[in-house]
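Understanding the architecture of this molecule
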Amino acid sequence: MGIERFFSAILLCAALTGCMKWDYSDSEDLKASGKGLFITCEGNFQYGNATLSYYDPDGGKVQNEVFYRANGMKLGDVAQSMAIFGGRGWIAVNSSHVVFAIDPDNFRETGRIENLPSPRYIHFINDRKAYVTQLWDNRIFIIDPQRYETTGHITVPGMSAESGSTEQMVQSGDYVYCNCWSYQRNIIKIDTRTDRVVATLDVGVQPRSIALDKYGKLWVLTDGGFYGNPAGHERPSLACIDTERFEIERRFRFDIDDAPAALSINATADTLYWINRHVWRMPVESAQLPELPFLREPEYGKFYSITVSPYDNDVYVADAIDYQQQASIGRYSPQGEIKDVFSVGITPGAFCWK
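Everything numeric here is computed off the predicted structure, so don't read it as measured data. (Residues numbered from 1 in each chain as written. Predicted model: local features only at pLDDT ≥ 70, side-chain atom pairs only at ≥ 80, totals over all residues. Heavy atoms only, no water.)

On to the overall build of the protein, then. Each helix and strand counted, the protein has two helices and 27 strands in total. In terms of overall size, the protein behaves like a compact globule, its C-alpha atoms giving a radius of gyration of 19 Å where 354 residues would be expected to give roughly 20 Å. The principal-axis extents of the C-alpha atoms in the protein amount to approximately 55 × 45 × 40 Å. A buried classification covers 58% of the 354 residues belonging to the protein. By sequence separation, contacts in the protein at least 24 residues apart represent 47% of the contacts at least 6 residues apart. Within the structure as shown, the protein displays about 14800 Å² of accessible surface, and the carbon and sulfur contribution to it stands at 46%. (Helix = DSSP H or I, 4+ residues; strand = E, 2+ residues; numbered from the N terminus. Rg over C-alpha atoms; globule rule 2.2 N^0.38 Å. Buried < 20%, exposed > 50% of the residue type's maximum accessible area, 1.4 Å probe, protein only. Contact = heavy atoms within 4.5 Å. Areas by Shrake-Rupley, 256 points an atom, 1.4 Å probe, with all protein chains shown as cover.)

Moving on: the confidence of the model for the protein. Per-residue confidence for the protein averages 93 on the pLDDT scale, and 93% of its residues sit at or above 70. Contacts from residues 3-20, a stretch scored under 50 in pLDDT, to residues over four places away or in other chains number 38 contacts. (pLDDT = per-residue confidence, 0-100.)

One broad rule of soluble globular proteins: the nonpolar side chains tend to lie buried together. Of all hydrophobic cores here, the largest spans 20 residues; its most connected members are Phe38, Leu52, Phe67, Leu75, Ile91 and Phe107. At the level of elements, strand 2 (51-56), helix 2 (66-71), strand 4 (79-85), strand 5 (88-93) and strand 6 (98-102) are the ones that each hand at least two residues to this core. Excluding residues within four positions of it along the chain, Ile91 makes contact with Thr40, Leu52, Phe67, Leu75, Ser81, Met82, Val98, Val99, Phe100 and Ile102. (Core = buried A, V, L, I, M, F, W, Y, C linked by side-chain atoms within 4.5 Å.)

This next bit is on the sheet that holds strand 27 (residues 348-353). Reading across the sheet, the four strands line up as 3-2-1-27 and stay open at both edges, with antiparallel pairing between neighbours. Bordering the open sheet on either side are strand 3 (61-63) and strand 27, each of which pairs with just one other strand. On average, each strand axis in the sheet is inclined to that of its neighbour by 25°, with strand direction left out of account. Where strand 1 (residues 37-41) lies against strand 27, five bridges are found, and the strand directions are antiparallel. Each bridged residue has a counterpart across the sheet, and for Leu37 the counterpart in strand 27 is Trp353. (Pairing = 2+ DSSP bridges. Axes fitted to C-alpha atoms, helices over the stretch in contact; angles between N-to-C directions.)

One pass over the full model with this rule turns up 22 salt bridges. For the salt bridge of Arg112 with Glu109, the shortest nitrogen-to-oxygen distance reads 2.7 Å. A relative accessible area of 19% places Arg112 in the buried class. We note a salt bridge from Asp242 to Lys217, for which the minimum N-O separation is 3.1 Å. Pair noted here: Asp242 is in strand 18 (residues 237-242) and Lys217 is in strand 17 (residues 217-222), with a separation of 25 residues, a long-range link. The burial state of Asp242 is the same as that of Lys217; both residues are buried. (Salt bridge = Lys/Arg side-chain N within 4 Å of Asp/Glu carboxyl O.)

Okay, the state of the cysteines next. Enumeration according to the criterion identifies zero disulfides in this entry. Note on Cys180: no disulfide assigned, nearest cysteine sulfur contributed by Cys178 at a separation of 5.2 Å. Just so you know, Cys352 is unpaired, no disulfide at all, and the nearest cysteine sulfur is the one on Cys41, 13 Å from it. (Disulfide = S-S within 2.5 Å.)

Attention now goes to the sheet that holds strand 23 (residues 303-308). Taken in spatial order, the four strands of this open sheet run 23-24-25-26, and their pairing is antiparallel. On the outer flanks of this sheet lie strand 23 and strand 26 (338-343), each paired with one strand and no other. Mean inter-strand twist for the sheet, computed between neighbouring axes without regard to direction, equals 20°. Taken together, the five bridges between strand 23 and strand 24 (residues 315-319) define a ladder with antiparallel strand orientation. Counted as the bridge partner of Phe303 is Asp319 from strand 24.

The buried fraction of strand 17 is high, at six of six residues. What you see with strand 17 is no split at all: Lys217, Trp219 and Leu221 on one side and Leu218, Val220 and Thr222 on the other are buried throughout. One ladder, built from five bridges, connects strand 16 (residues 207-212) with strand 17; its direction is antiparallel. Bridge assignment links Ile210 to a residue of strand 17, and that residue is Val220. Between strand 16 and strand 17, which follow one another and run antiparallel, lie four residues, and Gly216 among them has a positive phi close to 80°. As judged from the six bridges shared by strand 17 and strand 18, these two strands associate in the antiparallel manner.

Mapped onto the secondary structure, Arg281 falls in strand 22 (residues 278-283). A sequence separation of 17 residues divides Arg281 from Ser264, and the C-alpha atoms of the two residues are 9.5 Å apart. A distance of 3.4 Å separates a polar atom in the side chain of Arg281 from a polar atom in the side chain of Tyr273. Here the side chain of Arg281 touches Pro334 through a polar contact of 2.7 Å, landing on its backbone oxygen. (Polar contact = N/O pair within 3.5 Å; in protein donor to acceptor, adjacent residues only side chain to side chain.)

Below, the structure is given as structure tokens:
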């Protein structure tokens, strides 16, 4: 969920009130190609109109609303993210307090984990343990993906239970690194052997997204907050963290009114991409921010999310348009040439490669 939409939405629904009803109808027999791209579309907050799309890069074909069509029920309210592990696709549906597991070949549900406060992202440690980050909670939940159940939680020290926020996760060795976003300013380091936070690093106001490069360096994009934010308001930044010493090695500053988001990295983990109105690209060894964008934002629309194909380094950028209608995804070559455009659901916020 984008920051502007997010902070207006929280005024309407701050408590855990599982209001989503699972209404079933007829289902279809669908199939996915051997490799492809899942797109989780958030929909509109409290409308229960989140959807899942699937794109076949080889055939250039998209299938929309595949979860609903394969299962005969809606996905829920605000599909936040998706990950694939153990032959299953795992979809975190934020405001419906659920993580669904599906067969990625036919989109059929294989199980679910319910009654989570507000699941954001899921990271798998092994086939019996995964972490699920939360919004408005100071705990990261531990789940058993084999039994579809919660087995414990990690309490983040120094974080309020009412305004807690943990987001994306990446792993290096035995440690998972997680950015604490809304009203926060820290990266936390979790020892996966003990399920405890062993270190905290202040990286600036609201670290929004993270990526791990080929050198094992952790990159953090902060959005700088907003006027009146309890955590403060400052110039956003892109920081490079040495994970061994767990300290900031380099930092690049944006203008105070910029709103960088959606940090991503290519398959070889040597080039960063992000959105700041336009799409920007930067080698991880660069000594300065790029002067010119990789792609320019459309005149009527709004770039919202991005991914880079692990197969051919094509860049996929979601244009949310007005957050009310079907959005579009542009597929670009590594040279920035348009290769395809296809429609998906409302507000495509995250991607997952099969």
